[in-house]
Amino acid sequence: MGEVLDIDRIRCDGHGLCAELLPELISLDDWGYPIIEPGNVPPSVVEHARRAVDACPVLALRLARTAALAPR
Amino acid sequence: MSDTILWYATRGAGVVSLVLLTGVVVLGIVSAMRWQTASWPRFLTTGLHRNLALATLVFLAIHIVTAVVDPFTALGWQAAAIPFSSSYRRLWLGLGVVAIYLLLAIVVTSLLRPYFGQSAWRAVHWLTYLMWPVAVIHGIGTGTDPRFAWMLAIEAGCIGTVVAAVAWRATGAQQTAWRRLPAAAPQAQKWN
Amino acid sequence: MELIARAAGAERLSAHLQRLGPLPALSSGALIAELEASGLLGRGGAGFPVGRKWRAVAERAAGGAVVLANGAEGEPLSFKDRSLMAARPHLVIDGALLAARAVGASDIIFYVGAEHRTAQAALHQALAERPGDVRRRARIVTAPSGYVSGEESAAVHYLNAGDARPTTTPPRPFERGVGGRPTLVQNVESLALAALIARRGHAWYLGLGHGRARGIGLLTVSGAVNRAGVHEIELGATLSDAAGAAGGLRGDVRAVLLGGYFGGWADLREHWGLPLDAASMRTRGLALGCGVVHFLPSDACGVQATAGFITYLASQSARQCGPCVFGLSAIAGATQRLAAKSPQPGDLDRIVRWSGQVTGRGACHHPDGAAALMHSALQVFADDFAGHQQRRCLTISQPARVAAA
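Residues numbered from 1 in each chain as written. Chains lettered and ligands numbered in written order. Predicted model: local features only at pLDDT ≥ 70, side-chain atom pairs only at ≥ 80, totals over all residues.

Asker: What is the right way to read the overall build of chain B from this model?
Answerer: Secondary structure assignment for chain B yields 9 helices and 0 strands. Beginning at the N terminus, the succession of helices and strands in chain B can be written as α-α-α-α-α-α-α-α-α. Looking at the 192 residues of chain B, the share that counts as buried comes to 30%. At a minimum sequence separation of 6, the contacts of chain B that also span at least 24 residues come to 65%. (Helix = DSSP H or I, 4+ residues; strand = E, 2+ residues; numbered from the N terminus. Buried ≥ 20, exposed ≤ 12 C-beta atoms within 10 Å, placed from the backbone. Contact = placed C-beta atoms within 7 Å.)

What follows is the structure in structure tokens.
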């Protein structure tokens, strides 16, 4: 059981708040769009991940439960 | 409690609310324009926008409660809850009640955005452009300090700031990433 | 030849029935079992096992599924689907009817590209020859022109909302598609092959093929060949066989584009004996995709050809996802500059970085295909790209460098 960051690429408009709030897992490409580390969100940053999800101006980010542990 | 203190509290909290609300509106525009610098990240704008809005609610609560319990104004709770039902300055006070309801709708949909969904949230949030002028007019109409220079200065400052911010939004271009990094995408076109 | 005909014009119903007999009376379960046993892979480009796809839809259908016969064929170098529909529309209709029975679908939609007029006319005429109950359940819908309108979520989106742009998945069409119902989106060639397998049994299909590959398929062979066009092969036939079927190579050829704009370049000398089937190609990092085989003559510059393809792909972005819109545009720009021998310093490195950045970061696989094309071009035409970064075209300056295939 774990949580993964799921992104709706069509909704995403490159605002970049997610990368500011979760630099451990999210960086921005040359055009300001998020590159997300695949795999489970480490428990140490889950709260930051929730804040990043909350901060997205277009609700493109989601924290989803996974059935099995994805490799990190 | 002395009548005078309640009266000052109402007016003071009202002015503070106006200034805070002006800050909230301007920060909302700054956020929509995606403005940022190396030392002022986006989340600072959005965080401040949210915190100032919640602070505004606190001062509005003081403003309303002190106004209602003040025996001098003879306002009952009904006047605060139902627009245009007071005998004292019916129109201007009523506008204040309207503004409160609009603000509450905006705040509630924002706090519960995942449940309301993005389009509903956006539609309600645009009501800010109605809510803020109504609040300002309420302040001017009900205020007893209109002839004091400092009050006029505050009102002018708030109105000027919002007008400037709206003008910026209406005419300026968003600071999207591809504008900041032109070398990366020389042929990029804005879409939609 | 099963899928293509020598005679011009569409095959009429009477000729079709005379040639192949009536539609087999197999049950849903039996049909799916035959397809699974045959190992038939989808022909739209993804190569997904057809039997498994039908089973997935059947399990969710409860009688209200939809069959979407995908004949959009947005890939500019592919002509097989429109040729198949134009020549043997009844075979395609049979496939759709069998699919509808197998997955429990009440509606059939033939999604045909807007420019494929002959195919549309042939399907219209063929449907008119069918009995009323078939005509009532089936309709032909014109797919908007454009590369991505044939993508499965785009097709469903178009039918639901008139917008032929891909959507975020999940849910995938087999779970919720047209009208919210489980939808089988299947390429028309796959349906035609399913119709043949249903009549002749999976053993017939398994009896065809070369080497370890099984079955038959259509290729669109183009470029430096004498008889460009749609050719039917037994899978596992080699690239040289395909060239031979197309009348042989015309002159010197050093590179071939396999799978379409969405595919990749391959060095011809290295892969002249390449068996054309999914498994063999996958082990070499190549893909058959939708069966495009395009030979690039040696006197054509690989950088320029690639610049043309990537510019087209960038223009065909649905413009919904930032990495695709900006990434492909930037890659195309840099490739154009290289092709014109007026690059900016670092353009080659930028192409490599950006291609890596766009992969997997769109709602659909359009940027992935473009990135894969660039990656293969940078490998096969490595010397040419390096030369262009130094403002020199090796093809023009060193024609003697290229040996005959």
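Asker: Explanation requested: the overall build of chain C in the structure shown.
Answerer: Scanning chain C from N- to C-terminus turns up 19 helices and 9 strands. Going through the 405 residues of chain C one by one, you find that 58% of them count as buried. Restricting to contacts in chain C with at least 6 residues of sequence separation, those with at least 24 account for 71%.

Asker: Honestly, helix α4 (residues 80-87) of chain C in this entry has me stumped. Any pointers?
Answerer: Because each turn of an α-helix spans 3.6 residues, side chains separated by three or four positions end up pointing in the same direction. Counted residue by residue, α4 of chain C has 8 buried out of 8 residues, so it is predominantly covered. Restricting attention to buried positions, one finds in α4 of chain C the residues K80, D81, R82, S83, L84, M85, A86 and A87 of chain C.

Asker: How do you make sense of the confidence of the model for chain C when you look at a structure like this?
Answerer: Residues and elements named next belong to chain C. Across chain C, the average pLDDT comes to 93, with 98% of residues at or above 70. Within the model, the stretch residues 400-405 combines pLDDT values under 50 with 11 contacts to residues more than four positions away or in other chains. As a predicted assembly, this complex carries a pTM of 0.87 together with an ipTM value of 0.90. (pLDDT = per-residue confidence, 0-100.)

Asker: Help me understand the sheet that holds strand β7 (residues 253-258) of chain C, please; the structure alone is not making it clear to me.
Answerer: In a beta sheet, neighbouring strands are held together by backbone hydrogen bonds and run either parallel or antiparallel to one another. All names here are of chain C. Reading across the sheet, the 5 strands line up as β6-β5-β9-β7-β8 and stay open at both edges, with mixed pairing between neighbours. This sheet does not close on itself; its edge strands, each paired only once, are β6 (229-234) and β8 (264-267). Recorded for the sheet is a direction-independent mean angle of 30° between the axes of neighbouring strands. As judged from the 4 bridges shared by strand β5 (residues 216-223) and strand β9 (residues 292-297), these two strands associate in the parallel manner. Residue T220 lies in a different strand from β9, and its bridge partner there is V292. (Pairing = 2+ DSSP bridges. Axes fitted to C-alpha atoms, helices over the stretch in contact; angles between N-to-C directions.)

Asker: Would you explain the interface of chain C and chain A in this entry?
Answerer: Across the contact, 10 residues belong to chain C and 8 residues belong to chain A. A per-element tally of the side of chain C that touches chain A places helix α15 (residues 322-339) of chain C first, with 3 residues. For the side of chain C that touches chain A, the per-class residue count stands at 4 nonpolar, 5 polar and 1 charged. (Nonpolar A, V, L, I, M, F, W, Y, C, P; charged D, E, K, R; others polar.)

Asker: Help me understand helix α7 (residues 128-142) of chain B in this model?
Answerer: Residues and elements named next belong to chain B. Taking 1.5 Å of rise per residue, 15 residues should cover 21 Å, and α7 covers 21 Å from first to last C-alpha, within 8% of that figure. Every buried residue of α7 is accounted for by M131, W132, A135, H138, G139 and T142. Mapping the buried residues of α7 onto a view down its axis gives an arc of 125°, with all of them on the same face. Exposed and facing more than 90 degrees away from the buried side of α7 are Y129 and L130. (Expected span 1.5 Å × (residues − 1). Arc of directions from axis to C-beta.)

Asker: Would you explain the domain arrangement of chain C in this entry?
Answerer: Interface size is commonly expressed as the accessible surface area that is lost when the partners come together. All names here are of chain C. Taken domain by domain, chain C consists of domain 1 (13-206), domain 2 (216-297) and domain 3 (302-401). Each of domain 2 and domain 3 was reduced to a C-alpha centroid, and the two centroids are 22 Å apart. Listed as interface residues are 8 residues of domain 2 and, on the opposing side, 11 residues of domain 3. Looking at which element gives the most residues to the side of domain 2 that touches domain 3, the answer is β8, with 4 residues. In terms of residue class, the side of domain 2 that touches domain 3 is built from 6 nonpolar, 1 polar and 1 charged. (Domains from an automatic or database assignment.)

Asker: Teacher, can you tell me more about the packing of helix α14 (residues 302-315) of chain C against helix α17 (residues 366-380) of chain C here?
Answerer: Helix packing geometry: the angle between the two helix axes and the distance between the axes. All names here are of chain C. Interaxial distance between α14 and α17 falls to 10 Å at its minimum, and their mutual angle equals 175°. Viewed along their axes, α14 and α17 adopt a mutual orientation that is roughly antiparallel. Within the contact between the two elements, α14 uses G302, T306, F309, I310 and L313 and α17 uses A370, L373, M374, A377 and V380. Split by residue class, the contact of α14 with α17 holds 8 nonpolar, 2 polar and no charged. (Parallel < 35°, antiparallel > 145°, perpendicular 65-115°, else oblique.)

Asker: Explain the pairing of β6 of chain C to me, please; I cannot follow it from the model alone.
Answerer: Within a regular strand, the side chains alternate between the two sheet faces. All names here are of chain C. Of the strand pairs in this sheet, β5 and β6 are connected by 6 bridges, and their pairing is antiparallel. The residue of β6 that forms the bridge with L219 is H231. Counted along the chain from β5 to the antiparallel partner β6, the turn is 5 residues long.

Asker: What exactly am I supposed to notice about the environment of L18 of chain B here?
Answerer: By secondary structure assignment, the location of L18 of chain B is in helix α1 (residues 3-32). Overall, L18 of chain B belongs to the buried group, with 25 C-beta atoms counted inside 10 Å.

Asker: Would you mind going over the sheet that holds strand β1 (residues 65-71) of chain C with me for this structure?
Answerer: Residue and element names in this part refer to chain C. Read from one edge of the open sheet, 4 strands run β3-β2-β1-β4, paired in parallel fashion. In this open sheet, the two edge strands, each paired with only one partner strand, are β3 (138-143) and β4 (183-187). Each strand axis lies, on average, 25° off the axis of its neighbour in the sheet, ignoring direction. Relative to β3, strand β2 (residues 105-113) runs parallel, the two being bridged by 6 bridges.

Asker: Before we go on, may I ask you to explain the nonpolar core in this structure?
Answerer: When a protein is soluble and globular, its nonpolar side chains tend to lie buried together. Counting 159 residues, the largest nonpolar core has V67, A69, A99, V103, L184 and A194 of chain C as its most contacted members. Apart from residues lying up to four places away in sequence, L184 of chain C is in contact with K53, W54, V57, A65, V67, L68, A99, V103, A105 and F174 of chain C. Membership of the second largest hydrophobic core comes to 30 residues, among which are A67, V97, I106 and A135 of chain B. (Core = buried A, V, L, I, M, F, W, Y, C linked by C-beta atoms within 7 Å.)

Asker: Sorry if this is basic, but what is going on with the confidence of the model for chain B here?
Answerer: Keep in mind that low pLDDT regions are not for reading the predicted coordinates in detail. All names here are of chain B. Residues at a pLDDT of 70 or more form 87% of chain B, whose mean pLDDT is 86. Considering each helix and strand of chain B separately, the mean pLDDT is smallest for helix α9 (residues 177-180), with a value of 44, and largest for helix α2 (residues 42-69), with 95. When the criterion is pLDDT under 50, residues 177-192 qualifies, and its contacts beyond four places in sequence or with other chains add up to 25 contacts.

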